[in-house]
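Survey of secondary and tertiary structure
For reference, the chains in residue letters:
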Amino acid sequence: MSKNAVNGHGPAAAHDSHGSHGHDLPFWQKYIFSQDHKIIGMQYGLTALLFLLFGFGLVMLMRWQFAYPGQPVPFIGGLFSDDTMPGGVMLPEFFYQLGAMHGTIMVFLGIVPLAVGAFGNYVVPLQIGAPDMAFPKLNMMSYWLYFIGGCVMLASFFIPGGTAQSGWTSYPPLSVIAGQGQTFWLIGMAFLINSSLLGSVNFIVTIIQLRADGMTFNRLPFFVWAQFVTAFLLLLAFPPLMGAAVLQLMDRLAHTSFFMPSGLVVNDQVVAGSGGGNPVLWQHLFWFLAHPEVYVLILPAMGIVGEIIACNTRKTLYGYKALVDSVIFIGFMSFIVWAHHMFLTGMGTKMSAFFQVTTMIISIPSVIILTALVLSLWGGSIRFNTPMLFAVAFLPMFGIGGLTGLPLGLNASDIHLHDTNYVIGHFHYVVAPGTIFALFAGIYHWFPKMTGRKMSEVLGKIHFTFSLIFMNGVFMPMFIQGMAGVLRRMYDPTQYAHAVPTQPLSVFSSVSAWCLGLAQIPFIFNFFYSIFFGKKVEENPWHATTLEWTAPTPPPHGNFAVAPQVYRGPYEYSTPNHKNDFWPQSMRETN
Amino acid sequence: MESLIKHISKPHPVTGVTNAKLGTWCFLASEIMLFGALFSSYVLLRVGAGTAWPRGSDILNVPLATLNTLVLITSSVTMVMACASLALKNLGKYRLYMGATILLAFVFLVVKSFEYGHKFEHHHFPSTSTFYAIYFTLTGLHGLHVIGGIVVNTYLLFPGSALWKKDPDQFMGRVEAAGLYWHFVDLVWIFLFPVLYLL
Amino acid sequence: MSGHTQEEIRHHVSIYLRVFGALLILTVLTVGVSYLHLPLHAAIAVALIIATVKASLVAAFFMHLAGEKKIILAVLLLAAFFFVFLLTYPSLHAL
Amino acid sequence: MQKYGWGLPIDISANGWQIDQLIIIIHVFMAILFVGWFCFFAYTLIRFRQRSGHKASHHVGHFKLPAYLEVGVALFEVVLLLGFSFPIWSQQKVVKPDEKDAVRVRVVAQQFAWNVHYPGVDGKFGKTDPALMSSSNPLGLDRTDPSALDDISITNQLHVPTGRNVIVYLSSKDVIHSFTIPVMRVKQDAIPGHAGELWFQAKDAGDFEIACAQLCGLGHYRMRGFFISESPEKFEAWLKAQAPKPPAVPKVAAQAAPAAPATPAPVPSGAAHV
Ligand code: HEA
Ligand code: HEA
Ligand code: CUA
Ligand SMILES: [Cu+2]
């Protein structure tokens, strides 16, 4: 294709340099401060899974209080200190810490690092036929900044007063007058923001610059497209939160009044400070990030689901172009819908109309994506292995989550539903049985590439079945509660007469959550067991077409023995007159 | 291993840019959004304050800030001259211009610290009013960017320049990237100056 | 910058110096205008116009944005588009 | 009368039905879409499962139906916006009822109570000052202001007459709260430094709840107020009973606490301050 591509970077060179110093790096350089995108991907993956488990643990604890407010937590209640759960009874302080940290950890330390940091890092360079990310050192820094950010967040559990407790949204003035935990939260966020900034630059440059010869943009696997758009969201949406975090830190530490209006009276004390600030400013800056952020949670998941569906139906994705266009359009629109979280802040009519119109518009590409994915099943020969089960289950779950976004997006119905459990139900359907299922699917799917072994199908199916049942058990009741007006973030919902009739649903939801926790045991066991004792498999166990499956397993430093050349689109399955039912992108023969 | 990654020193044949250049611009795009958020906060607070908002020229030191503007602009020029010297394969001149750039950056910071010191003496702190709050925050954040630029440029002046012998193209790419960043810091100041000091 | 002939680079340098001159003049101009104590709206307009011109000069010549590769312009255009919303919408909250 | 159950709470407001109607229409629409989509989905999974003798087909025709469906969904969303959401919003949040005929009341939120301020017979809200705020004068009412003399200050109880528009001027002393009366289908954030407004009209009498919908601190969950809608006569009588005795020396609070309304436990935490 170009002289440049051959000059000194040809296949032979690739092979040599890999052979000469690929293997003899000291342990700490190979596995700790590694610059290899695959190791970094796995570091991200393991850390994020642990955070996910931790964040889930926090909410399982909270669910006790939701179900049986004011009663001592059985078994483990005694293990906690007196300023969190004296006598096993959870204090409101602790409850709100759990809530804020659950949201923060799940979003910023769990799902995004897993979807982008782990899957993006591991799979994208392989799928585009690159030897690594464009900036390996930045990649390493990105992970370590994430790690430090996570440590700061965790550290705040151990300081007097505990963690942040103003919700993951950290609305001022509450967050400004809150205790030290909030400062930790802000500093932790600063690390995470910079980590994702480095990561997103890296992804954009890698995908634009390092595609293998022949890997044109319309031959990119759908997953890569999803990551590409995601990287832009991270790049351009996070900085405003960085700005907002700086302002909030100033408010807390330098006693400025960015978010503090004049004349505040807390506990009958006039708050010192100049005043003149505006709490709504924070909301704008926060949601300018946080709405794109929720699409960061879903786009990679859609990408994973697309890959797995194509592979396991043994046919190409339906409407590849429409899918790609929709993803780009969603990414673009996601920057201009943010204030649908703020309909009831006294926003003007024109603004409110603008944001509900954009919100309705952004639902259309999601409908197109969901339609194209389900039509991709049509005419296939569907192989129901564990990754496929999770991927297929993603579709209706995302459908429920997405559809319930509509009544929230119309400001009139949002008057009743805002800040009720309906909202909690809405977004958990998209992120929990939606994104988490897609991520599970991805783990089962790419595990053989990462380790050379397959995870157990039997345990996988057990994991799937119970996860599906209990996920719905946790979140379906929330819609009913939300309709009845039950508000979110309630330490003791039974305080309100209107919440009492649906209280049995809270119990149901909690029991489901704990069972969901139990349902993860086969997964965790399967995961670690299979690393060492899983069934050994060859390079391409699923008979897939994308490039990562043509690399050796596990891929060595530098990935491909010979720099791949790409000849065709990503999903050539069941091509007539071809000898196999899959036709890898880099396979040379002409028919 | 690094040599495996393409387009480090030579531009990509289709996009026409190197990785470093594209990466730097992406980073600057994110910086635009960062300062965008802060300028947005400025606008919102100012609109909210109405006539209570002071005019910067009445309470800030315009001559000092003008001096600083000139210093920063000059440092931008020395930065492009440093790049041009490298393109002319003149490492000595590059050193000279880069050194000047760093020096000017220090001058900027010194002037800035005088300005801050003066304010503190008169008991004007970030907590004094929202005007001072945004003034200190914006100039402070900008100052941090200047310090970042000094670190990068110093690296490229001394240890980093060893790359010049090994791979002049890559080294030039790095200097150019540092230059882009430095001009961006200048560019932010070009807006900060009238917005805070003159209006 | 790389891949230019010596001749071109000398030409560039002369442009840099001219831009430098323009920036100095504009700086003096904007400070001068501020001493006129124009009404606020006029002052804002003048100051922002001058700042935009200065910024454009820096971007176009020092950062070589004039004639820059499409991919970079595209990234910047995207950022600029969202920047406009970010800058204006929060203040229009009550609209 | 069952007030609360598993469905929407009972609606006793004059305009709440519009919101309910929208919620119902959109959920029917969602249900149709989802069920239709799901049936197709389930059928596809079964019909195209992997089995011997069945092969995936490479060329799948182009489906026209989805495009129509997508356009249909888009059109329906336009209808929801133009036909429902815009007009309802303007009714609820834009077109304010005439202040002259309406019952006007200030509600000042604080951690963790709703301070309610009636202007009294003169119809004028007295001056307030943050410096005067204390637990016995939560509104910071300046009783030296003549128009404040007859003002009624009461905590966690909002009495309104049926059949008349009620306008609530909403504000907050400390952090962001959100004022909601589920049975009125109203909700509005109370943001310090911002003047919020909302209005509604009660159709029927009854004792209901005010809730705080925005996380406002550790007591957020118990920031519950009582919403009492009553016949105009009863309301007027109540107002009279609350009115401070005219010659009363400012600052000396009359101790006449109103009879606690018949509501489920717990008893309102704040007594009335007059
Ligand atoms: C991954 C995360 C994610 C995703 C994808 C979405 C998607 C959407 N969200 Fe959601 N949302 C959140 C995460 C997410 N959201 C979170 C975390 C919050 C709460 C934050 C907080 O307050 O703490 C929230 C809150 C939230 C609100 C604020 C509610 C409130 O506080 O009052 C609103 C309001 O507009 C909204 C709207 C939407 C809409 C319209 C979509 C749309 O994009 C959805 C589009 C999808 C569909 C419409 C489904 C498609 C279709 C079918 C089922 C097929 C039909 C079949 C055929 C056509 C054949 N969301
Ligand atoms: C990405 C985001 C995300 C995810 C995935 C989840 C997942 C879950 N969430 Fe969360 N949630 C939020 C984001 C998320 N949540 C946010 C933003 C809030 C609002 C916070 C606020 O009010 O400020 C919230 C609030 C929230 C509430 C409401 C709190 C309130 O009203 O105050 C509840 C209540 O039940 C809840 C429950 C759950 C449950 C049961 C899950 C489950 O689905 C969890 C399932 C998890 C797993 C199944 C773990 C899988 C991992 C493993 C098994 C690890 C394996 C490890 C190795 C192999 C090493 N969440
Ligand atoms: Cu007040 Cu929540
Ligand atoms: Cu949103």
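Residues numbered from 1 in each chain as written. Chains lettered and ligands numbered in written order. Predicted model: local features only at pLDDT ≥ 70, side-chain atom pairs only at ≥ 80, totals over all residues. Heavy atoms only, no water.

Re the overall build of chain B
Convention followed: In this text, helices come from DSSP runs of H or I with a minimum length of four residues, and strands from runs of E with a minimum of two, each type numbered from the N-terminal end. Three labels apply to residues, based on accessible area from a 1.4 Å probe with only protein chains included: buried if under 20% of the type maximum, exposed if over 50%, partly exposed otherwise in between. The contact definition used throughout considers only heavy atoms, calling two residues in contact when any of these lie within 4.5 Å. Here the Shrake-Rupley method, with its probe set to 1.4 Å, supplies the accessible areas, and only the displayed protein chains count as covering residues. Residues scored as positive are Lys and Arg, those scored as negative are Asp and Glu, and His as well as the terminal groups of each chain are ignored. Think of each charge as sitting on NZ of Lys, CZ of Arg, CG of Asp or CD of Glu.
Looking only at helices and strands, chain B features 7 helices and 0 strands. Counting from the amino terminus, helix and strand elements in chain B follow one another as α-α-α-α-α-α-α. In chain B, buried positions account for 60% of the 199 residues. Contacts in chain B between residues at least 24 apart in sequence constitute 74% of all its contacts with a sequence separation of at least 6. Entry remark: accessible area of chain B is about 6900 Å², with carbon and sulfur atoms responsible for 70%. Taking the 13 positively charged and 9 negatively charged side chains of chain B as two groups, their mean positions are separated by 7 Å.

Quick look at a nonpolar patch on the surface
How we decide: Residues form patches when they are more than 30% accessible in relative terms and have no salt bridge. Like charges link within 9 Å. Nonpolar side chains (Val, Leu, Ile, Met, Phe, Trp, Tyr) link within 5 Å. Should a side-chain nitrogen of Lys or Arg be within 4 Å of a carboxyl oxygen of Asp or Glu, the pair is scored as a salt bridge.
Residues F27, W28, Y31, I32 and F33 of chain A make up a contiguous nonpolar surface patch of about 520 Å² in total accessible area. Residue placement: Y31 of chain A occurs in helix α3 (residues 27-32).

Section: the coordination of the copper ion (ligand 4)
Tetrahedral coordination by four donors places them ideally at 109.5 degrees to one another around the metal; octahedral coordination by six donors ideally gives 90 or 180 degrees. Residue and element names in this part refer to chain A. For clarity, the cut-off: Metal donors were taken as nitrogen, oxygen and sulfur atoms no farther than 2.8 Å from the ion, or 3.2 Å where the ion is Na, K or Ca. Water is excluded, so coordination may look unfinished.
Looking at the copper ion (ligand 4), the protein donor atoms are H291 (ND1), H340 (NE2) and H341 (NE2), and they sit 1.8 to 2.1 Å from it. Between consecutive donor residues of the copper ion (ligand 4), the sequence gaps follow H-x48-H-H. The iron atom of ligand 1 is placed at 4.5 Å from the copper ion (ligand 4). Judged by relative accessible area, H340 falls into the buried class, the value being 13%.

Structural notes on empty space enclosed by the protein
Residue and element names in this part refer to chain A. The cut-off we apply is this: Definitions used throughout: a 1 Å grid over protein atoms alone; a cavity as a set of points that fits a 1.4 Å probe which cannot get out; a pocket as an open set with protein on both sides within 12 Å along at least five of seven lines; a lining residue as one with an atom within 4 Å of a point. Grid points are joined across faces, edges and corners, and a volume is the space filled by probe spheres set on the points. Under this grouping Gly is polar, as are all residues other than the nonpolar Ala, Val, Leu, Ile, Met, Phe, Trp, Tyr, Cys and Pro and the charged Asp, Glu, Lys and Arg.
Applying the stated criterion across every chain yields a total of 10 cavities of 30 Å³ or more. Space inside the largest cavity adds up to approximately 200 Å³. Broken down by secondary-structure element, the contributors of at least two residues to the lining of the largest cavity are α5 (92-128), α6 (136-155), α8 (181-209) and α9 (222-254). Considered class by class, the residues forming the lining of the largest cavity number 10 nonpolar, 8 polar and 1 charged.

Some thoughts on the arrangement of the chains
In this assembly, 4 pairs of chains are in contact, and the pair with the greatest number of contacts comprises chains A and D. Nothing in chain B touches chain D, and the closest approach of their C-alpha atoms is 10 Å. In this assembly chain C lies apart from chain D, the nearest approach of their C-alpha atoms being 10 Å.

Section: the site of ligand 2
All names here are of chain A. Which entries qualify depends on this criterion: Consider each residue's heavy atoms; a residue with any of them within 4 Å of a molecule or strand counts as near. Within 3.5 Å is the distance limit for a polar contact, defined as a pair of N or O atoms, with the added protein rule that one can donate a hydrogen and the other accept it, and that residues adjacent in sequence qualify only through two side-chain atoms.
Close to ligand 2 lie 34 residues; R63, H102, W168, H428 and R489 are nearest. A distance of 3.4 Å is found between an oxygen atom of ligand 2 and a side-chain nitrogen or oxygen belonging to R488. Between ligand 2 and the protein, one listed contact pairs an oxygen atom with a side-chain N or O atom of R489 at 2.7 Å. A total of 8 residues in the shell around ligand 2 trace back to one element, the largest contributor, which is helix α4 (residues 37-67).

Concerning the environment of M33 of chain B
Residue placement: M33 of chain B occurs in helix α1 (residues 19-49). Each C-alpha atom of the pair M33 of chain B and L187 of chain B lies 14 Å from the other, and the pair is 154 residues apart in sequence. Not counting chain neighbours up to four residues away, the residues in contact with M33 of chain B comprise L236, P239, P240 and F288 of chain A together with A79, F82, F83 and L86 of chain C.

Section: the confidence of the model for chain D
Test applied: pLDDT: the predictor's confidence for each residue, scored from 0 to 100.
Overall, the prediction assigns chain D a mean pLDDT of 85, with 88% of residues at 70 or greater. Interface confidence for the predicted complex, expressed as ipTM, amounts to 0.93; the pTM equals 0.93.

A short note on the interface of chain D and chain A
What counts is decided by this rule: The term buried area refers to how much accessible surface (probe radius 1.4 Å) is lost by two components on association, counted for both of them together.
With 87 residues of chain D at the interface, the matching set in chain A holds 94 residues. Area buried by chain D at its contact with chain A is led by W6, W89 and Y221 of chain D, which between them contribute 10% of it. Counting across the chain D and chain A interface gives 0 salt bridges. Inspection of the chain D/chain A interface yields 24 residue pairs in polar contact (both at pLDDT 80 or more).

A few points about helix α19 (residues 521-533) of chain A
Residue and element names in this part refer to chain A. Selection criterion: Take the number of residues in a helix, subtract one, and multiply by 1.5 Å to get its expected span.
With 13 residues, α19 extends 17 Å between its outermost C-alpha atoms, agreeing within 8% with the 18 Å of an ideal straight helix rising 1.5 Å per residue. Every buried residue of α19 is accounted for by P522, F523, N526, F527 and S530. Buried residues along α19 sit against α4, α16 (421-451), β3 (453-454), α17 (457-483) and α18 (503-519).

Concerning the coordination of the iron atom of ligand 1
The protein gives the iron atom of ligand 1 a lone donor atom, H426 of chain A (NE2), placed 2.2 Å from the metal. When you line up the elements, H426 of chain A lands in helix α16.

Looking at the layout of surface pockets
Computed from the structure, the second largest pocket encloses a volume of approximately 1600 Å³. Taken together, 42 residues form the lining of the second largest pocket, with L138, M141 and L198 of chain A together with F27 and V152 of chain B sitting closest to its centre. Elements supplying a minimum of two residues to the lining of the second largest pocket: α6, α8 and α9 of chain A together with α1, α5 (130-157) and α7 (168-198) of chain B. Taken together, the residues of the lining of the second largest pocket break down into 29 nonpolar, 9 polar and 4 charged.

Section: the interface of chain C and chain B
The interface of chain C with chain B comprises 44 residues on the first partner and 49 residues on the second. Surface buried jointly by chain C and chain B totals about 4200 Å² across both partners, of which 81% is contributed by carbon and sulfur atoms. On inspection of chain C and its partner chain B, the count reaches 1 salt bridge. One salt bridge in this structure joins K21 of chain B and E68 of chain C, with 3.2 Å as the shortest N-O distance. Here chain C is connected to chain B by 5 residue pairs in polar contact (both at pLDDT 80 or more). Every element with two or more residues in the side of chain C that touches chain B is listed here: α1 (6-34), α2 (40-62) and α3 (70-88) of chain C. A total of 13 residues in the side of chain C that touches chain B trace back to one element, the largest contributor, which is α1 of chain C. When the residues that make up the side of chain C that touches chain B are grouped by side-chain class, the tally is 33 nonpolar, 7 polar and 4 charged.

Digging into the pattern of salt bridges
Following the criterion strictly, the structure yields 14 salt bridges over all chains and no others. One network of salt bridges, in which partners are shared, links K96, E99, R104 and E197 of chain D.

Description of the environment of F86 of chain D
Secondary-structure assignment places F86 of chain D in helix α2 (residues 65-94). Judged by its relative accessible area of 26%, F86 of chain D is partly exposed.

Observations regarding the site of ligand 1
Within the structure, ligand 1 sits among 32 residues, and Y295, D414, H418, H426 and R488 of chain A are positioned closest to it. In this structure, ligand 1 is bordered by residues of chains A and D. Here an oxygen atom of ligand 1 sits 3.2 Å away from a polar atom, N or O, in the main chain of G409 of chain A. Take H418 of chain A: an N or O atom from its side chain is 2.7 Å from an oxygen atom of ligand 1. Of all elements in the fold, only α10 (279-313), α12 (349-377), α13 (386-403), α14 (405-409) and α16 of chain A together with α1 (16-47) and α2 of chain D reach the threshold of two or more residues within the shell around ligand 1.

Brief notes about unusual backbone geometry
Cis geometry marks the peptide bond from P172 of chain A to P173 of chain A; its omega dihedral reads -5 degrees. Residue F112 of chain D is bonded to the preceding Q111 of chain D through a cis peptide linkage, with omega at -5 degrees. Structurally, the position occupied by F112 of chain D is in the loop between β1 (103-110) and β2 (113-118). Its identity as a non-glycine residue notwithstanding, S170 of chain A has a phi of 50 degrees, on the positive side. Here S170 of chain A shows up in the loop between α6 and α7 (174-177).

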